Amino acid sequence: MTVKPIESSITDKWLLEKHYARRKCSRSFCFGLFNDGVLDGIVTYGQPASPQVGRGFVGEEYRNRVIELNRLCVNEKAPKNAASFLVGRSLRHMKDWVIVSYADGAMGHVGYIYQATNFIYVGAAKSHDKEYLVDGHWTHARSLVSRGITAPTAWAKENNIETRDPAPKHRYVFFGDKKLRKHLKYDPQPYPKGDTSRYECEDIVQENQMEMF
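Just so you know, these numbers come straight off a predicted model, no measurement behind them.

Parameters at a glance
Residues numbered from 1 in each chain as written. Predicted model: local features only at pLDDT ≥ 70, side-chain atom pairs only at ≥ 80, totals over all residues. Heavy atoms only, no water. Helix = DSSP H or I, 4+ residues; strand = E, 2+ residues; numbered from the N terminus. Buried < 20%, exposed > 50% of the residue type's maximum accessible area, 1.4 Å probe, protein only. Areas by Shrake-Rupley, 256 points an atom, 1.4 Å probe, with all protein chains shown as cover. Pairing = 2+ DSSP bridges. Contact = heavy atoms within 4.5 Å. Polar contact = N/O pair within 3.5 Å; in protein donor to acceptor, adjacent residues only side chain to side chain. Core = buried A, V, L, I, M, F, W, Y, C linked by side-chain atoms within 4.5 Å. Phe/Tyr/Trp six-rings, centres within 6.5 Å; stacked < 30°, edge-to-face > 60°. Salt bridge = Lys/Arg side-chain N within 4 Å of Asp/Glu carboxyl O. Axes fitted to C-alpha atoms, helices over the stretch in contact; angles between N-to-C directions.

Trainee: I'd like to hear about the overall build of the protein chain, residue by residue, with values.
Mentor: A tally of helices and strands in the protein chain yields six helices and 10 strands. Across the 213 residues in the protein chain, those meeting the buried criterion constitute 46%. Carbon together with sulfur atoms contributes 49% to the accessible area of the protein chain, which is approximately 11900 Å² in total.

Trainee: Tell me what's going on with the sheet that holds strand β7 (residues 131–134), and back it up with residues and numbers.
Mentor: Judged by pairing direction, the sheet is antiparallel, and its three strands sit side by side in the order β8-β7-β9 without closing on themselves. Pairing within the sheet leaves two strands with one partner each, and these edge strands are β8 (137–140) and β9 (163–164). In terms of strand pairing, β7 meets β8 through four bridges, oriented antiparallel. Paired with Tyr132 across the bridge in β8 is Thr139.

Trainee: Run through the environment of Tyr121, naming residues and quoting values.
Mentor: Looking at where Tyr121 falls in the secondary structure, it is placed in strand β6 (residues 120–125). Residues Tyr121 and Arg171 lie 50 residues apart in sequence; the distance between their C-alpha atoms is 6.0 Å. Here Tyr121 is in contact with His170, Arg171, Tyr172, Asp187, Pro188, Gln189, Pro190, Tyr191 and Pro192, once residues within four sequence places are set aside. A polar side-chain atom of Tyr121 sits 2.9 Å from a polar atom in the side chain of His170.

Trainee: Hey, could you go over the nonpolar core for me, with residue numbers and the actual values?
Mentor: Grouped together as the largest cluster of nonpolar side chains are 24 residues, with contacts concentrated most on Tyr45, Leu69, Leu72, Val74, Ile99 and Phe119. Elements with a contribution of two residues or more to this core: β2 (29–35), β3 (38–46), β4 (66–74), α3 (82–91), β5 (98–104) and β10 (169–175). The greatest single-element share of this core, amounting to five residues, is contributed by α3. Counting residues in each nonpolar core, the second largest holds 13 residues, with Tyr62, Val66, Val98 and Val173 among its members.

Trainee: Describe in detail the side chain of Asn70, supporting the description with residues and values.
Mentor: Position of Asn70 among the secondary structure elements: in strand β4. The buried category is assigned to Asn70, whose relative accessible area is 11%. Of note is the side chain of Asn70, whose polar atom sits 2.7 Å from the backbone oxygen of Ser26. Beyond its immediate chain neighbours, meaning those up to four positions away, Asn70 contacts Cys25, Ser26, Thr44, Tyr45 and Gly46.

Trainee: Quick one: what's the story with the packing of aromatic side chains, residue by residue and with numbers?
Mentor: The final tally for this structure, using the stated rule, is eight aromatic pairs. Between Phe29 and Trp97 the ring centres are 5.9 Å apart and the planes differ by 70°, which places this aromatic pair in the edge-to-face class. Of the two residues, Phe29 sits in strand β2 while Trp97 sits in the loop between α3 and β5, which places them 68 residues apart along the sequence. Overall, the relative accessible area of 29% leaves Phe29 in the partly exposed class. Seen from their ring centres, Tyr121 and Tyr172 are 5.1 Å apart, and the 50° between their planes marks the pair as tilted.

Trainee: Explain the pattern of salt bridges to me, and be specific about the residues and the numbers.
Mentor: Under the counting rule described, the total for this entry stands at six salt bridges. Between Arg55 and Glu60 there is a salt bridge, and its shortest N-O distance comes to 2.5 Å. On the basis of relative accessibility, which here comes to 30%, the residue Arg55 falls in the partly exposed class. With a relative accessible area of 46%, Glu60 lands in the partly exposed category. What you see here is one network of salt bridges that share partners, running through Arg55, Glu60 and Arg63.

Trainee: Lay out the sheet that holds β2 in plain terms, naming residues and giving numbers.
Mentor: Ordered in space as β1-β2-β3-β4-β5-β10-β6, the seven strands form an open sheet in which the pairing is mixed. The open sheet is flanked by β1 (2–5) and β6, the only strands paired with a single partner. Each strand of the sheet is rotated relative to its neighbour by a mean of 30°, with strand direction disregarded. The pairing of β6 with β10 spans four bridges and is antiparallel.

Trainee: Outline unusual backbone geometry, supporting the account with residue identities and numerical values.
Mentor: Phi at Asn81 is positive, roughly 65°, even though this residue is not glycine. With a phi angle near 55°, Asn160 is a residue other than glycine that sits in the positive phi range. Considering the arrangement of structural elements, one finds Asn160 in the loop between α6 (152–158) and β9.

That is the geometry; function is a separate question.
Shown next as structure tokens:
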């Protein structure tokens, strides 16, 4: 297996058809996992949704050095530990950054991939936005807004859509630039443990998936 930078357009199909969020996101850096020359997974890094994320982790002075690992998708038939291999190798390209990521408790995720790649765990955060049951899937308000529903709360009430309070998201951080480690505003905590869930989705096969030499 090898990990190499890829164009963001190559990740579109993975984000829209495989990742549970089913929407595109900010992508400043994209990397592909190639297994015998065939694209078997992707990881993307982009600007956090709010500048408060950067401030929360390392303060105002260094918030622009914070980037989020915001999508990770690997085919189910990929080799064992492919996801952690992809993340670990992609981090080698991120030495100027503070990388943050979240494991979504609502999806049954604990963050074992981040634990395996030496991220620091800094506790769980809870979103203020509710989630909405749409077509049998719990959907975040941002996903509804991206679909043109500008007032999700009112829309849900008008259409008798079930809502729930969001589950906590486990916060992880990795210092590509080790000098910034001293500016971490959160106290490191022991890694959380517990059962983790996987959502099943068909493997992605793209016409342009063969590695170009």
